[in-house]
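Tertiary structure, described
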Amino acid sequence: MTPTGAGLKATIFCILTWVSLTAGDRVYIHPFHLLYHNKSTCAQLENPSVETLPESTFEPVPIQAKTSPVNEKTLHDQLVLAAEKLEDEDRKRAAQVAMIANFVGFRMYKMLNEAGSGASGAILSPPALFGTLVSFYLGSLDPTASQLQTLLDVPVKEGDCTSRLDGHKVLAALRAVQGLLVTQGGSSSQTPLLQSIMVGLFTAPGFRLKHSFVQSLALFTPALFPRSLDLSTDPVLATEKINRFIKAVTGWKMNLPLEGVSTDSTLLFNTYVHFQGTMRGFSQLPGVHEFWVDNSISVSVPMISGTGNFQHWSDAQNNFSVTCVPLGERATLLLIQPHCTSDLDRVEALIFRNDLLTWIENPPPRAIRLTLPQLEIRGSYNLQDLLAEDKLPTLLGAEANLSNIGDTNPRVGEVLNSILLELKAGEEEQPTTSVQQPGSPEALDVTLSSPFLFAIYEQDSGTLHFLGRVNNPQSVV
Amino acid sequence: MDRRRMPLWALLLLWSPCTFSLPTRTATFERIPLKKMPSVREILEERGVDMTRLSAEWGVFTKRPSLTNLTSPVVLTNYLNTQYYGEIGIGTPPQTFKVIFDTGSANLWVPSTKCSRLYLACGIHSLYESSDSSSYMENGSDFTIHYGSGRVKGFLSQDSVTVGGITVTQTFGEVTELPLIPFMLAKFDGVLGMGFPAQAVGGVTPVFDHILSQGVLKEEVFSVYYNRGSHLLGGEVVLGGSDPQHYQGNFHYVSISKTDSWQITMKGVSVGSSTLLCEEGCAVVVDTGSSFISAPTSSLKLIMQALGAKEKRIEEYVVNCSQVPTLPDISFDLGGRAYTLSSTDYVLQYPNRRDKLCTLALHAMDIPPPTGPVWVLGATFIRKFYTEFDRHNNRIGFALAR
């Protein structure tokens, strides 16, 4: 399959097309009107049918309470079922949300790099990050709600409910985006892509969550775990308890932060993403192989290799190469490698921007023998840190008005996105009819044995699901 | 990003000897900042443009016969055939901004350093800093401009503005609210409106009107050339005249139908040999700030049916790329003459790609009365037809671009 990137280009089509003679002269329809509250939901919001009773709240169960493990197969099947039911308007909403999520994702990826991410690499999930921001939007009141709406690119008109972002529609659209990623048409014999998102809401004892807020989050993922624990006596111990809880519930071997959070925190909002992809026609190479971290240092890592018809091209002007590997029917793994080992930062600054998809060319697929490290990439980032890096330190800080989350305004200690991305060789026999044999003189040999960038892109909605770089695959295995 | 500042260059070095035959002009000499090449260069080099050839051509544009009878070119960068922008300077010393020269609007605006970080789009554009300019004067009035694709909001300020080597004192917008869509994709920082004073928000006199009132231009016109592809010269705006290098034959003129905008009347739209629309006449705006051709939704659907195009994703029409060579021409009847686009003109195609579906550069745009309904002829049209905007005779001239 071929990413077209047309969705991004299409948004330019109306740039500056017309100006009204006077400011109030024309009806302005924001491009994303599908994401606003409509008149009926506004009527409900403005005229509650019940007298203003205090909203029902609950205290989460203690973190040591018995909890059933997450069943990733069940989550996958639910996503596929939902994706198959998408109507036209749902797909349009998904494309709109994807567009904004991509923009916010690139911006925060830049902040992640400027904050000094790990020496081994970096990874960011635009949909998870965007879902987190929208979740906080749903939990906020003004002025924080208006600030978040501005950040999410919906202009706020004072007192006008129909210009308010409907966070429920956005979270549902993000779930549709996940469904489009993992849904395979046709052949059920293919190993599925799996993506699971789990949200942990960790609260201080006595803090009560609103039922309505938690129900809203379920639109984003049903794997939702509100849990209570002592966050103040021993923050490091609290973090250890959380990490043990996550490991027990998910089984995912994630790189979770070890430092404790502020002792006056009453809420931690943590999102965990697990992506599993199988590269068809690839197999594990025996032993370990050399990967050059820089011009003088190499490490030994397990590698996978396969021959297939992939798109591949070199940008001689800017000195990088791109290989596109299909992952299932709609998704593509983009592998971007600079020609010089030390050039990763320059190529990243050049290509990982809002117009990434306009760099994607579309040459005919050719026989490629592709070799790359087996990828098990782990990364974590605190959204509060990224926002602070972008000069917005207070947006989700102590002064934020997040009163729609609980019975009192929470003090948020951490907003974590943790990601585990696994790309493995397929177990199937290599097809012998559709691809040339390994070592065929007509196959181009492409080996990723020095730092490279990657992205996972789904073409129907135009979503970039992951952006990242691999500097040292040994440290991320 | 850092604001680039243009160093002042001695214009005297570029004068031809005949200038000195006018000693009274010499006495009134003033320093005029010239375009600094590298900031455009870095963008062009990023796209693999051969700088050697461009540099050779650059010198041609910096020659001027005198301080009156000027024809002043502004070089444009072309980004993917959708954004054409050139450089201006604002302030003393000049802060450089990339702007779209937009005949569909009449205000100059650029992002301000007072834009909140909540607007991510401000984080990736050059920002005007008034405290760095000795010629800044406060105004402070609020302003909002609505475009078909979004709105920008901010406040007015006054400062020196230099366009194509001509400096004027200008009231312009400092934008403090810059939406992601479309400005996160914008390679330009702001907009220089080339429309009429009546179109200007806030009662501001447009830049070109200030230039006209200086009486330095050869003619009260400006011309626009949009090149295809991103190679070499992306495009050109000529203040005070036109550039015969970029068109063939003579201009054919169409009078504007209103005295306060670049709007003309179209007497027919044909697909192939059939006239489908506008036989009773339609309002058309010739809009250099628009990427494509826009039509009211109901009209566009008729065209799309005739072309066999399908709607895909967000109001985007596509055709099978293999069918592009056999698609019919589209003709616009302007001033009694047919202006024809072939499929290679109205389909977005990228040489390095082998997509199955090609996007059409035609889109729906519904504008209510009294301003609408209108058609818009944007860059898709201007790439084929070099366009002269004549303020003296209130007409628009078209010639085949080359």
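Residues numbered from 1 in each chain as written. Chains lettered and ligands numbered in written order. Predicted model: local features only at pLDDT ≥ 70, side-chain atom pairs only at ≥ 80, totals over all residues. Heavy atoms only, no water.

Taking UniProt as the reference, chain B is identified by name as Renin-1 belonging to Mus musculus. As recorded by UniProt, the Subunit comment attached to chain B reads in full: "Interacts with ATP6AP2." (UniProt positions renumbered as here; feature names shortened; annotations may be inferred.)

Chain A appears in UniProt as Angiotensinogen from Mus musculus. Note on chain A: under the UniProt heading Subcellular location, the record states "Secreted".

**Here we look at the overall build of chain A**
In terms of helices and strands, chain A carries twelve helices and 19 strands. When the 477 residues of chain A are sorted by exposure, 61% land in the buried category. A separation of at least 24 residues holds for 79% of the contacts in chain A among residues at least 6 apart in sequence. Accessible area for chain A stands at about 18400 Å²; split by element, carbon and sulfur atoms hold 51% of it. (Helix = DSSP H or I, 4+ residues; strand = E, 2+ residues; numbered from the N terminus. Buried < 20%, exposed > 50% of the residue type's maximum accessible area, 1.4 Å probe, protein only. Contact = heavy atoms within 4.5 Å. Areas by Shrake-Rupley, 256 points an atom, 1.4 Å probe, with all protein chains shown as cover.)

**Overview of the overall build of chain B**
A tally of helices and strands in chain B yields eight helices and 25 strands. The buried share among the 402 residues of chain B stands at 61%. Sequence separation of at least 24 residues holds for 67% of the intrachain contacts in chain B that already meet a minimum separation of 6. A total of about 15200 Å² of accessible surface is found on chain B, and carbon and sulfur atoms cover 50% of it.

**Considerations on the packing of aromatic side chains**
Residues and elements named next belong to chain B. Within this structure, the stated rule accounts for 28 aromatic pairs over all chains. Here the aromatic rings of Phe222 and Trp262 are separated by 6.0 Å at their centres, their planes lie at 85°, and the arrangement is edge-to-face. Here Phe222, found in strand S9 (residues 221–226), pairs with Trp262, found in the loop between strand S11 (247–255) and strand S12 (263–271); they are 40 residues apart in sequence, far enough to count as distant. Both residues of the pair, Phe222 and Trp262, belong to the buried class. Through a chain of ring-to-ring contacts, three or more aromatic side chains come together here, namely Phe196, Phe208, Phe222, Trp262 and Phe389. A cation sits over an aromatic face here: Arg391 above Phe196, 4.5 Å from the ring centre. (Phe/Tyr/Trp six-rings, centres within 6.5 Å; stacked < 30°, edge-to-face > 60°. Lys NZ or Arg CZ within 6 Å of the ring centre and 35° of its normal.)

**Remarks on the UniProt feature "glycosylation site" in chain A**
Here the UniProt feature "glycosylation site" sits at Asn38, Asn319 and Asn401 of chain A. Looking at the secondary structure, you find Asn319 of chain A in the loop between strand S11 (303–315) and strand S12 (320–327).

**Description of the UniProt feature "disulfide bond" in chain B**
Residues and elements named next belong to chain B. Of the UniProt disulfides, the one joining Cys115 and Cys122 is intact in these coordinates, the sulfur pair sitting 2.3 Å apart. Residue Cys115 shares its accessibility class with Cys122, and that shared class is buried. A sulfur-sulfur distance of 2.3 Å separates Cys321 from Cys358, so the disulfide listed by UniProt for this pair is formed here. Taken as a pair, Cys321 in the loop between strand S17 (316–320) and strand S18 (330–334) and Cys358 in strand S21 (residues 357–360) lie far apart in primary sequence, 37 residues in all. With relative accessibility at 16%, the residue Cys321 sits in the buried group. Taking relative accessible area as the criterion, Cys358 reaches 7% and is therefore assigned buried. (Disulfide = S-S within 2.5 Å.)

**Quick look at the pattern of salt bridges**
Residues and elements named next belong to chain A. This structure, assessed with the given rule, holds ten salt bridges over all chains. One salt bridge in this structure joins Arg107 and Asp390, with 2.8 Å as the shortest N-O distance. Here Asp390 lies in the loop between helix H11 (383–389) and strand S16 (412–425) and Arg107 lies in helix H4 (residues 88–114), a separation of 283 residues in the sequence. With a relative accessible area of 5%, Arg107 lands in the buried category. (Salt bridge = Lys/Arg side-chain N within 4 Å of Asp/Glu carboxyl O.)

**Things to note about the state of the cysteines**
Residues and elements named next belong to chain B. For the structure on display, the rule yields three disulfides over all chains. There is a disulfide in this structure between Cys115 and Cys122, and the S-S distance comes to 2.3 Å. Disulfide Cys115 to Cys122: torsion about the S-S bond roughly 85°, handedness right-handed. Shown here is the disulfide that connects Cys278 with Cys282, its sulfur atoms set 2.1 Å apart.

**Observations regarding the sheet that holds strand S7 (residues 267–279) of chain A**
Strand pairing within a sheet occurs via backbone hydrogen bonds; the two strands may be parallel or antiparallel. Residue and element names in this part refer to chain A. If you trace the six strands from one edge of the open sheet to the other, you get S2-S6-S4-S7-S16-S15, paired in mixed fashion. Two strands in the sheet have a free side with no partner beyond their single neighbour: strand S2 (61–62) and strand S15 (375–382). Pairing of strand S4 (residues 194–203) with strand S6 (residues 224–228), which is carried by five bridges, proceeds in the parallel orientation. When the sheet's bridge partners are listed, Gly200 is paired in S6 with Phe225. Across the sheet, helix H3 (residues 72–84) lies against S4 and S7, angled at about 110° from S4, the strand it touches most. (Pairing = 2+ DSSP bridges. Axes fitted to C-alpha atoms, helices over the stretch in contact; angles between N-to-C directions.)

**Notes on the packing of H4 of chain A against helix H7 (residues 167–182) of chain A**
Residue and element names in this part refer to chain A. At their nearest, the axes of H4 and H7 sit 8 Å apart, and the two run at 95° to each other. One element, H4, and the other, H7, form an angle in the roughly perpendicular class. On the side of H4, the interface is formed by Arg91, Arg93, Ala94 and Val97, while H7 contributes Lys169, Val170, Ala173, Leu174, Ala176, Val177 and Leu180. For the contact of H4 with H7, the per-class residue count stands at eight nonpolar, no polar and three charged. (Parallel < 35°, antiparallel > 145°, perpendicular 65-115°, else oblique. Nonpolar A, V, L, I, M, F, W, Y, C, P; charged D, E, K, R; others polar.)

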